[in-house]
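A structural walkthrough
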Amino acid sequence: MNKDFLVQEILRLKQEKNAVILAHYYQNEDIQEIADFIGDSLELSKKAQNTDADIIVFAGVHFMAETAKILNPDKKVVLPDWEAGCSLADGCNPTDFKIFKEQHPDHVVVTYINCSAEIKAMSDLVCTSANAKKIIGSIPADKKIIFAPDQNLGNYLQKETKRDLVLWKGSCVVHEAFSLDKLIEIYTKNPTAKIAAHPESESHILKVAHYIGSTSGIINFIKTEPAAVFIVATEAGILHELTKAVPEKTLIPAPSTEDNTCACSECAFMKMNTLEKLYLCLKNESPEMLITEELRAEALKPIERMLELS
Ligand code: 13P
Ligand code: SF4
């Protein structure tokens, strides 16, 4: 379908149905351009909590649309592609996680928002990369803590908060693929560059980063830091917003261990969403995110605790 037609129809349907389009920074450019709001996971959760739209179109991955539904039981939440998963969420299944929890009784369970509603329902607190240090810091020092499902973010939090965390061994396929050797090679050629990394990256990448933070955190750092060149270690979709925000700065995507170029730092799940699928989901109001009330109520508790603390 023609892009102009899709844009026109999406805008028309959005108004007719009182819908809002929320998009993550990793979405493709066409989707970011038509979204009402673009943000990191925390900002998108807050937007989802406060919207007065009747329909939320969530252009992100499955767990993000699910979180929006948990926060908005009375609204219709639709997503462009039902199959848009996440290696962190998909690598932590509820049966195994229940056993893991039982192996560590008396631990406070903190889970990264990149997990399913079932895992959230088994958690005491949820966090995002933007508030994880604060959430861990809110837990009394004498309490033991389980952190799941991202071991890289978990390792980073252990260093930052000086707390011992029992880690679930999950990881993000995109952030795990950055090559330190190639990064150093680029940095050697651009010695005044600043390296900004997402905390889902492995510890050897985080060790050389000048800034570590969520997608919004990285954007703010690059906007405010006076350097002219930045090496960006997160998913390449973020470059769209950055190029608009700081056209005068040079942005170099961190290289991956794969031989191909920057395409390998793209999240294949995020990129499953297209403008056409977004149009169709708004038109057909499908696929719709549905969740049982029992599960929703349990998953809501740790999300609400997070939002109160954020
Ligand atoms: P942010 O919360 O930083 O946007 O991260 C979401 C995510 O999935 C990173 O891979
Ligand atoms: Fe999940 Fe990684 Fe994709 Fe983020 S980039 S949605 S953590 S697979």
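Preceding block: the structure.
The following refers to the structure shown. (Residues numbered from 1 in each chain as written. Chains lettered and ligands numbered in written order. Predicted model: local features only at pLDDT ≥ 70, side-chain atom pairs only at ≥ 80, totals over all residues. Heavy atoms only, no water.)

1. A closer look at the site of ligand 2
To keep things clear, this is the line we draw: Any residue with a heavy atom positioned within 4 Å of a molecule or strand is treated as near that molecule or strand. Residues were grouped as follows: Ala, Val, Leu, Ile, Met, Phe, Trp, Tyr, Cys and Pro as nonpolar; Asp, Glu, Lys and Arg as charged; and all remaining residues, including Gly, as polar.
All residues in the neighbourhood of ligand 2 are listed as Tyr-26, Cys-86, Ser-87, Leu-88, Asn-114, Cys-172, Val-174, Glu-200, Cys-267, Phe-269 and Met-270. Residues belonging to the shell around ligand 2 are distributed by class as follows: eight nonpolar, two polar and one charged.

2. Observations concerning the sheet that holds strand E11 (residues 229-233)
For clarity, the threshold we go by: Strand pairing follows a simple DSSP-based rule, namely that at least 2 bridges must link the two strands. What counts as a helix is a DSSP run of H or I of at least four residues, what counts as a strand is a run of E of at least two, and both are numbered from the N terminus. Whether two residues are in contact is decided by their heavy atoms: any pair within 4.5 Å suffices. Working convention: axes come from line fits to C-alpha atoms, limited for helices to the stretch in contact. Angles between N-to-C directions cover 0 to 180 degrees.
Reading across from one edge, E10-E9-E11-E12 is the order of the four strands in this open sheet, with parallel pairing throughout. Two strands lie at the open edges of the sheet, namely strand E10 (211-212) and strand E12 (250-253), each paired on one side alone. Here strand E9 (residues 194-197) runs beside E10; their pairing, made up of two bridges, is parallel. Directly across from Ala-197, in E10, lies its bridge partner Ile-212. Strands in contact with helix H10 (residues 180-189) are E9, E11 and E12; relative to E11, the strand with the most contacts, it is inclined by about 175°.

3. Thoughts on the packing of aromatic side chains
Aromatic ring pairs are described here by two measures, namely the spacing of the ring centres and the angle between the planes. Note the threshold: To pair, rings of Phe, Tyr and Trp, with the six-membered ring standing in for Trp, must have centres within 6.5 Å; the planes then decide the type, stacked if under 30 degrees apart, edge-to-face if over 60, and tilted in the middle. The rule is simple: take the accessible area with a 1.4 Å probe, protein chains only, and divide by the maximum for that residue type; under 20% is buried, over 50% is exposed, in between is partly exposed. Lysine NZ or arginine CZ positioned within 6 Å of the ring centre and within 35 degrees of the ring normal marks a charge as sitting over the ring.
In total, this model carries six aromatic pairs according to the counting rule given. Seen from their ring centres, Phe-5 and Tyr-279 are 5.8 Å apart, and the 70° between their planes marks the pair as edge-to-face. With a gap of 274 residues between them, Phe-5 in helix H1 (residues 3-17) and Tyr-279 in helix H14 (residues 275-284) connect regions that are remote in the sequence. The class for Phe-5 is partly exposed, based on a relative accessible area of 34%. Residue classification places Tyr-279 among the buried residues on the basis of a relative accessible area of 6%. Consider the rings of Phe-221 and Phe-230, whose centres lie 5.9 Å apart with planes at 85°: the pair is edge-to-face. With a relative accessible area of 12%, Phe-221 lands in the buried category. For Phe-230, a relative accessible area of 0% corresponds to the buried category. What links up through ring pairs into an aromatic cluster is the set Phe-97, Phe-100 and Trp-168. If you follow Lys-47 out to its NZ or CZ, it ends over the ring of Phe-37, 4.7 Å from the centre.

Keep in mind these numbers describe shape, not what the thing actually does.
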